[in-house]
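Each chain is listed here by its residues.
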Amino acid sequence: MQDRLRLLSRNAHAPPSIKRWITAYTCGMWLQEIQQFAAGAATVPGVTATIQPLLGILQRVTGLESVFLTRISRGTQTVLFSHNTDQLQILAGMSAPWEDTLCSRALADERLLVNDVDERWPDSQAGTALGVKTYLTFPIRGADGTVQGTLCGASCQPVDVTPEAMAIVGMFAEVISAQLLREINLDTAYHRAERAEA
(Lines give C-alpha, C1' and ligand atoms only; values in the text may rest on other atoms or scores of the structure.)
Protein backbone atom coordinates (compact mmCIF):
# COMPACT_ATOMS: atom_id res chain seq x y z
CA MET A 1 0.00 0.00 0.00
CA GLN A 2 2.72 2.48 1.01
CA ASP A 3 4.73 1.61 -2.10
CA ARG A 4 1.75 2.31 -4.38
CA LEU A 5 1.06 5.63 -2.68
CA ARG A 6 4.73 6.59 -2.95
CA LEU A 7 4.71 5.88 -6.70
CA LEU A 8 1.52 7.89 -7.17
CA SER A 9 2.94 10.83 -5.21
CA ARG A 10 5.93 10.93 -7.61
CA ASN A 11 3.70 11.00 -10.69
CA ALA A 12 4.31 14.32 -12.43
CA HIS A 13 0.64 14.46 -13.50
CA ALA A 14 -0.79 13.95 -10.01
CA PRO A 15 -2.52 17.10 -8.67
CA PRO A 16 -0.67 18.89 -5.82
CA SER A 17 -3.65 18.34 -3.49
CA ILE A 18 -3.42 14.57 -4.03
CA LYS A 19 0.34 14.62 -3.39
CA ARG A 20 -0.17 16.53 -0.13
CA TRP A 21 -2.85 14.07 1.01
CA ILE A 22 -0.61 11.09 0.20
CA THR A 23 2.28 12.61 2.14
CA ALA A 24 0.09 13.25 5.18
CA TYR A 25 -1.49 9.78 5.01
CA THR A 26 1.77 7.87 4.65
CA CYS A 27 3.42 9.94 7.41
CA GLY A 28 0.52 8.96 9.65
CA MET A 29 1.15 5.28 8.90
CA TRP A 30 4.88 5.71 9.54
CA LEU A 31 4.23 7.44 12.86
CA GLN A 32 1.98 4.57 13.94
CA GLU A 33 4.68 2.06 13.12
CA ILE A 34 7.33 4.19 14.83
CA GLN A 35 5.22 4.44 17.99
CA GLN A 36 4.81 0.67 18.05
CA PHE A 37 8.55 0.24 17.56
CA ALA A 38 9.35 2.74 20.33
CA ALA A 39 7.00 0.98 22.74
CA GLY A 40 8.75 -2.34 22.11
CA ALA A 41 12.23 -0.86 22.14
CA ALA A 42 11.66 0.67 25.56
CA THR A 43 11.54 -2.83 27.08
CA VAL A 44 14.71 -4.06 25.35
CA PRO A 45 18.02 -3.45 27.12
CA GLY A 46 20.74 -2.06 24.85
CA VAL A 47 20.62 -0.39 21.49
CA THR A 48 21.86 -3.29 19.36
CA ALA A 49 18.72 -5.39 19.86
CA THR A 50 16.58 -2.61 18.38
CA ILE A 51 18.69 -1.68 15.36
CA GLN A 52 17.53 -4.30 12.84
CA PRO A 53 13.77 -3.57 13.13
CA LEU A 54 14.59 0.14 13.13
CA LEU A 55 16.44 -0.15 9.82
CA GLY A 56 13.45 -1.96 8.32
CA ILE A 57 11.18 0.93 9.30
CA LEU A 58 13.58 3.52 7.91
CA GLN A 59 13.87 1.64 4.61
CA ARG A 60 10.10 1.77 4.16
CA VAL A 61 9.98 5.44 5.22
CA THR A 62 12.67 6.56 2.77
CA GLY A 63 12.07 4.13 -0.11
CA LEU A 64 15.84 3.57 -0.42
CA GLU A 65 17.23 0.17 -1.32
CA SER A 66 19.63 -0.08 1.60
CA VAL A 67 19.68 1.44 5.07
CA PHE A 68 22.58 0.84 7.43
CA LEU A 69 24.37 1.89 10.61
CA THR A 70 28.14 2.36 10.67
CA ARG A 71 30.94 2.91 13.15
CA ILE A 72 33.98 5.12 12.54
CA SER A 73 37.16 4.06 14.28
CA ARG A 74 40.85 4.74 13.56
CA GLY A 75 40.14 6.27 10.19
CA THR A 76 37.93 3.39 8.99
CA GLN A 77 34.17 3.26 8.53
CA THR A 78 32.61 -0.17 9.15
CA VAL A 79 29.02 -1.27 8.53
CA LEU A 80 27.59 -2.72 11.76
CA PHE A 81 23.99 -3.44 10.69
CA SER A 82 22.17 -3.22 7.37
CA HIS A 83 18.77 -3.76 5.78
CA ASN A 84 18.78 -4.40 2.01
CA THR A 85 15.81 -4.81 -0.31
CA ASP A 86 17.04 -4.71 -3.91
CA GLN A 87 20.15 -4.97 -6.06
CA LEU A 88 22.23 -2.72 -3.81
CA GLN A 89 23.67 -4.94 -1.09
CA ILE A 90 25.57 -3.14 1.65
CA LEU A 91 26.49 -5.84 4.13
CA ALA A 92 27.54 -5.82 7.77
CA GLY A 93 31.31 -6.02 8.02
CA MET A 94 32.05 -3.98 4.90
CA SER A 95 34.61 -1.28 5.58
CA ALA A 96 36.46 1.53 3.80
CA PRO A 97 38.86 4.34 4.64
CA TRP A 98 36.74 7.12 6.14
CA GLU A 99 38.05 9.85 3.84
CA ASP A 100 36.84 8.01 0.70
CA THR A 101 33.35 7.24 2.00
CA LEU A 102 30.22 8.93 0.78
CA CYS A 103 29.35 9.74 4.39
CA SER A 104 32.58 11.67 4.84
CA ARG A 105 32.02 13.64 1.65
CA ALA A 106 28.38 14.37 2.40
CA LEU A 107 29.09 15.61 5.92
CA ALA A 108 32.05 17.70 4.71
CA ASP A 109 29.75 19.32 2.11
CA GLU A 110 26.97 19.67 4.72
CA ARG A 111 24.59 17.76 2.47
CA LEU A 112 22.54 15.13 4.27
CA LEU A 113 20.87 14.01 1.03
CA VAL A 114 22.44 13.73 -2.43
CA ASN A 115 20.58 12.55 -5.54
CA ASP A 116 23.45 12.79 -8.02
CA VAL A 117 26.30 10.90 -6.35
CA ASP A 118 27.92 9.85 -9.65
CA GLU A 119 28.04 13.45 -10.90
CA ARG A 120 28.88 15.17 -7.62
CA TRP A 121 31.66 12.78 -6.55
CA PRO A 122 32.82 10.94 -9.70
CA ASP A 123 36.16 10.13 -8.03
CA SER A 124 34.54 8.23 -5.15
CA GLN A 125 35.64 4.61 -5.33
CA ALA A 126 32.85 3.43 -3.04
CA GLY A 127 30.13 5.29 -4.96
CA THR A 128 31.38 4.05 -8.33
CA ALA A 129 31.84 0.44 -7.20
CA LEU A 130 28.33 0.23 -5.76
CA GLY A 131 26.64 2.30 -8.48
CA VAL A 132 25.02 4.63 -5.93
CA LYS A 133 22.82 7.47 -7.21
CA THR A 134 21.01 8.58 -4.06
CA TYR A 135 22.66 8.78 -0.66
CA LEU A 136 21.64 10.14 2.71
CA THR A 137 23.55 10.22 5.96
CA PHE A 138 23.06 11.46 9.50
CA PRO A 139 25.92 11.56 12.01
CA ILE A 140 25.94 9.54 15.23
CA ARG A 141 27.84 11.77 17.66
CA GLY A 142 29.73 11.01 20.85
CA ALA A 143 29.67 12.98 24.09
CA ASP A 144 32.32 15.36 22.76
CA GLY A 145 30.37 16.03 19.56
CA THR A 146 32.69 14.08 17.28
CA VAL A 147 31.20 11.77 14.65
CA GLN A 148 31.41 8.20 15.97
CA GLY A 149 29.24 6.63 13.29
CA THR A 150 26.49 7.28 10.77
CA LEU A 151 22.93 6.26 9.98
CA CYS A 152 22.74 6.02 6.18
CA GLY A 153 20.59 5.10 3.24
CA ALA A 154 21.49 4.48 -0.40
CA SER A 155 19.95 3.52 -3.72
CA CYS A 156 21.16 2.80 -7.25
CA GLN A 157 18.27 4.88 -8.60
CA PRO A 158 17.35 8.52 -7.94
CA VAL A 159 14.92 8.57 -5.01
CA ASP A 160 12.92 11.59 -3.91
CA VAL A 161 13.19 11.28 -0.13
CA THR A 162 10.61 13.60 1.42
CA PRO A 163 11.46 16.19 4.09
CA GLU A 164 9.17 14.26 6.45
CA ALA A 165 11.17 11.07 5.89
CA MET A 166 14.45 12.95 6.39
CA ALA A 167 13.14 14.32 9.70
CA ILE A 168 12.28 10.79 10.87
CA VAL A 169 15.74 9.47 9.98
CA GLY A 170 17.34 12.42 11.76
CA MET A 171 15.21 11.79 14.84
CA PHE A 172 16.31 8.17 15.01
CA ALA A 173 19.96 9.17 14.56
CA GLU A 174 19.60 11.37 17.65
CA VAL A 175 17.88 8.55 19.56
CA ILE A 176 20.70 6.14 18.71
CA SER A 177 23.32 8.70 19.74
CA ALA A 178 21.58 9.27 23.09
CA GLN A 179 21.13 5.54 23.72
CA LEU A 180 24.77 4.77 22.95
CA LEU A 181 25.87 7.55 25.32
CA ARG A 182 23.64 6.12 28.06
CA GLU A 183 25.15 2.66 27.56
CA ILE A 184 28.67 4.08 27.69
CA ASN A 185 27.83 5.97 30.90
CA LEU A 186 26.28 2.86 32.46
CA ASP A 187 29.31 0.76 31.54
CA THR A 188 31.62 3.40 33.02
CA ALA A 189 29.61 3.55 36.24
CA TYR A 190 29.54 -0.26 36.46
CA HIS A 191 33.32 -0.56 36.06
CA ARG A 192 33.88 2.19 38.64
CA ALA A 193 31.65 0.34 41.10
CA GLU A 194 33.55 -2.90 40.45
CA ARG A 195 36.86 -1.17 41.14
CA ALA A 196 35.48 0.41 44.31
CA GLU A 197 34.36 -2.98 45.62
CA ALA A 198 37.69 -4.65 44.82
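Residues numbered from 1 in each chain as written. Predicted model: local features only at pLDDT ≥ 70, side-chain atom pairs only at ≥ 80, totals over all residues. Heavy atoms only, no water.

A. Main features of the overall build of the protein. For the protein, the helix and strand inventory stands at seven helices and six strands. The secondary structure elements of the protein, listed N-terminal to C-terminal, are α-α-α-β-β-β-α-β-α-α-β-β-α. Taking all 198 residues of the protein together, the buried fraction comes to 39%. Counting every atom, the protein has about 11100 Å² of accessible surface; 55% of that belongs to carbon and sulfur. (Helix = DSSP H or I, 4+ residues; strand = E, 2+ residues; numbered from the N terminus. Buried < 20%, exposed > 50% of the residue type's maximum accessible area, 1.4 Å probe, protein only. Areas by Shrake-Rupley, 256 points an atom, 1.4 Å probe, with all protein chains shown as cover.)

B. Quick peek at the nonpolar core. Grouped together as the largest cluster of nonpolar side chains are 22 residues, with contacts concentrated most on Leu58, Leu136, Leu151, Val161 and Ile176. Those elements that provide at least two residues to this core are α3 (48-62), β1 (66-73), β5 (134-141) and α7 (163-197). A per-element tally of this core places α7 first, with seven residues. Apart from the residues within four sequence positions on either side, Leu136 is in contact with Thr62, Leu64, Leu112, Leu113, Leu151, Cys152, Gly153, Val161, Met166 and Val169. In terms of nonpolar packing, the next biggest core, distinct from the first, is built from 17 residues, Phe68, Ile72, Val79 and Val132 among them. (Core = buried A, V, L, I, M, F, W, Y, C linked by side-chain atoms within 4.5 Å. Contact = heavy atoms within 4.5 Å.)

C. Representation of the sheet that holds strand β3 (residues 95-97) within the structure. Strand order across the open sheet formed by six strands is β3-β2-β1-β6-β5-β4, with antiparallel pairing between neighbours. Strands at the two margins of the open sheet, each flanked by one partner only, are β3 and β4 (113-114). In this structure, β1 lies alongside strand β2 (residues 76-84), joined through eight bridges in antiparallel fashion. Looking at the pairing, Leu69 lines up with Phe81 of β2. (Pairing = 2+ DSSP bridges.)

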